[in-house]
Amino acid sequence: MRIVLLGAPGAGKGTQCKRIVDRYGVLHLSSGDILRKERSEKTELGKKAQSYMDSGALVPDEIIVAMMSGAIEKAPEAGFVLDGFPRTVNQARELDKSLASNNEQVDIVINLKIDDQVVMDRMTGRRSCPKCGAVYHINNLKPKVEGKCDNDGSELIQRTDDTAEVVAERLKTYHQQTEPVADYYRRNDNVCDINALGDIDQITDLIFKHLDVFAKS
Ligand code: AP5
């Protein structure tokens, strides 16, 4: 399966992707996680991306498309779930072109819908594991031991772009540049809109319902 997960910052893309991976064995490719790894390793790519990420702007398309195409090529037979990519219509076109060159296409697009006010609460309360990438929330999804990752006991951290000021900028960027991506995919009639305001497990069930139909066909 070649899955694209769309949604505003904090819609729950990372949270749901981890569950999709567990159920369908696809590879989770998060453009944000890949960029953060490059940044922490101080690579040329990471250095170029830093100022864009810190301000809530998008990293230029040519950098992202090259980075994600390389990652997609290494995906296993089971497929992949893209999280945070494509984020502009231009990126979506480039992804289509690159898949078409291997006679492939995006099979299903899950579009998580959420209000801006809720995003602010989710982002400022988010904590993540620097080692395994697990995502928690100080109220909605607490780890078993406060401040520690359930999987490996690492000290949880708050992302530098999860301040109220940067989140407001990221939302602006999302509405201007990423919302049109869902409309771009609608012409293929494979977009599933999902209300991402409910309970995390209920949203997972809804996503699985769509993906199960697809996985069996
Ligand atoms: P990226 O890392 O992709 O950030 P994002 O899209 O803004 O999304 P997030 O990872 O912040 O949120 P999420 O939807 O995964 O939510 P999560 O599951 O964690 O990108 C960062 C930056 O990199 C960008 O700003 C840009 O600069 C650059 N970049 C990345 N990709 C790019 C691209 N393609 N092109 C150009 N630039 C790019 O959930 C959030 C919190 O809410 C968690 O604490 C979670 O526990 C909680 N939560 C989740 N679901 C629920 C629920 N249903 N109810 C209550 N709480 C919930």
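Look a little higher up for the structure.
Not measured: the values here are computed from a predicted model. (Residues numbered from 1 in each chain as written. Predicted model: local features only at pLDDT ≥ 70, side-chain atom pairs only at ≥ 80, totals over all residues. Heavy atoms only, no water.)

Trainee: Just checking my understanding: could you explain the environment of Asp33 for this structure?
Mentor: Secondary-structure assignment places Asp33 in helix H2 (residues 31-40). Judged by relative accessible area, Asp33 falls into the partly exposed class, the value being 34%. Sequence separation between Asp33 and Gly84 is 51 residues, and the spatial gap between their C-alpha atoms is 9.2 Å. (Helix = DSSP H or I, 4+ residues; strand = E, 2+ residues; numbered from the N terminus. Buried < 20%, exposed > 50% of the residue type's maximum accessible area, 1.4 Å probe, protein only.)

Trainee: What is the right way to read unusual backbone geometry from this model?
Mentor: For residues besides glycine, phi is generally negative; the peptide bonds are generally trans as well. Pro86 follows Phe85 through a cis peptide bond whose omega is 0°. Considering the arrangement of structural elements, one finds Pro86 in the loop between strand S3 (80-83) and helix H5 (89-100). At Asp189, a residue that is not glycine, the phi angle is positive and equals roughly 60°. Relative to the helices and strands, Asp189 is located in the loop between helix H7 (164-186) and strand S7 (191-195). We classify Asp189 as exposed; its relative accessible area is 73%.

Trainee: What should I look at first to understand the site of the ligand in this one?
Mentor: The ligand sits among 36 residues. The nearest are Thr15, Ala57, Arg87, Arg126 and Arg170. Interatomic distance of 2.9 Å between a side-chain N/O atom of Lys13 and an oxygen atom of the ligand. Considering the ligand on its own, with 1,000 Å² of exposed area, one finds that the protein chains cover 97% of that surface. Going through the elements one at a time, helix H1 (13-24), H2, helix H6 (116-124), strand S6 (135-137) and helix H8 (200-216) are the ones with two or more residues in the shell around the ligand. By residue number, the principal contributor to the shell around the ligand is H2, which donates four residues. When the residues that make up the shell around the ligand are grouped by side-chain class, the tally is 17 nonpolar, eleven polar and eight charged. (Near = heavy atom within 4 Å. Polar contact = N/O pair within 3.5 Å; in protein donor to acceptor, adjacent residues only side chain to side chain. Areas by Shrake-Rupley, 256 points an atom, 1.4 Å probe, with all protein chains shown as cover. Nonpolar A, V, L, I, M, F, W, Y, C, P; charged D, E, K, R; others polar.)

Trainee: I tried to follow the sheet that holds S3 on my own but got confused; where do I start?
Mentor: In a beta sheet, neighbouring strands are held together by backbone hydrogen bonds and run either parallel or antiparallel to one another. Pairing is parallel in the open sheet, where five strands are placed in the order S2-S3-S1-S4-S7. Strand pairing shows two members of the sheet lacking a second neighbour, strand S2 (27-30) and S7, which therefore form its edges. With direction set aside, neighbouring strand axes in the sheet form an average angle of 20°. Helix-sheet contacts for H2 involve S2 and S3, and the interaxial angle to S2 is about 65°. (Pairing = 2+ DSSP bridges. Axes fitted to C-alpha atoms, helices over the stretch in contact; angles between N-to-C directions. Contact = heavy atoms within 4.5 Å.)

Trainee: Any chance you could explain the packing of aromatic side chains here in plain terms?
Mentor: Geometry of an aromatic ring pair is reported as the spacing of the ring centres plus the angle between the planes. For the structure shown, the criterion picks out two aromatic pairs. When the ring centre of Tyr184 is taken as reference, the NZ or CZ atom of Arg187 above it lies at 4.2 Å. (Phe/Tyr/Trp six-rings, centres within 6.5 Å; stacked < 30°, edge-to-face > 60°. Lys NZ or Arg CZ within 6 Å of the ring centre and 35° of its normal.)

Trainee: I tried to follow the side chain of His28 on my own but got confused; where do I start?
Mentor: Relative to the elements of secondary structure, His28 occurs in strand S2. Taking the relative accessible area as the measure of exposure, His28 reaches 19% and is therefore buried. A polar atom in the side chain of His28 sits 3.0 Å from the side chain of Asp83. Not counting the four nearest positions on each side in its chain, His28 is found in contact with Cys17, Lys18, Val21, Asp33, Val81 and Asp83.

Trainee: Sorry, what's going on with helix H4 (residues 61-73) here?
Mentor: Working note: α-helix, 3.6 residues per turn, so residues spaced by three or four point in the same direction. With 13 residues, H4 extends 18 Å from end C-alpha to end C-alpha; this agrees with the ideal 18 Å at 1.5 Å per step. By the burial criterion, the buried members of H4 are Asp61, Ile63, Ile64, Val65, Met67, Met68, Ala71 and Ile72. Buried residues along H4 sit against S2, H2, helix H3 (44-55), S3 and H5. (Expected span 1.5 Å × (residues − 1).)

Trainee: What is the right way to look at the nonpolar core in this model?
Mentor: Here is a general trend for soluble globular proteins: nonpolar side chains tend to be buried in one another's company. Val4, Ile72, Leu82, Phe85, Leu95 and Tyr185 are the most contacted members of the largest nonpolar core, which totals 27 residues. At the level of secondary structure, the elements contributing two or more residues to this core comprise strand S1 (2-7), H3, H4, S3, H5 and H7. Broken down by element, this core gets its largest block of residues, seven residues, from H4. Residue contacts for Leu82: discarding those within four places in its chain leaves Ile3, Val4, Leu5, Leu29, Met68, Ile72 and Leu95. Among the nonpolar cores identified, the runner-up in size contains 26 residues, and Met1, Cys17, Ile110 and Val167 belong to it. (Core = buried A, V, L, I, M, F, W, Y, C linked by side-chain atoms within 4.5 Å.)

Trainee: Explain the side chain of Arg122 here, please?
Mentor: Secondary-structure assignment places Arg122 in helix H6. For Arg122, the side chain forms a polar contact with the main-chain oxygen of Gly10, separated by 2.9 Å. Apart from the residues within four sequence positions on either side, Arg122 is in contact with Gly10, Ala11, Gly12, Ile114, His137, Asn140, Ala196 and Leu197.

So, to be careful, I would describe these as geometric facts and stop short of saying anything about function.
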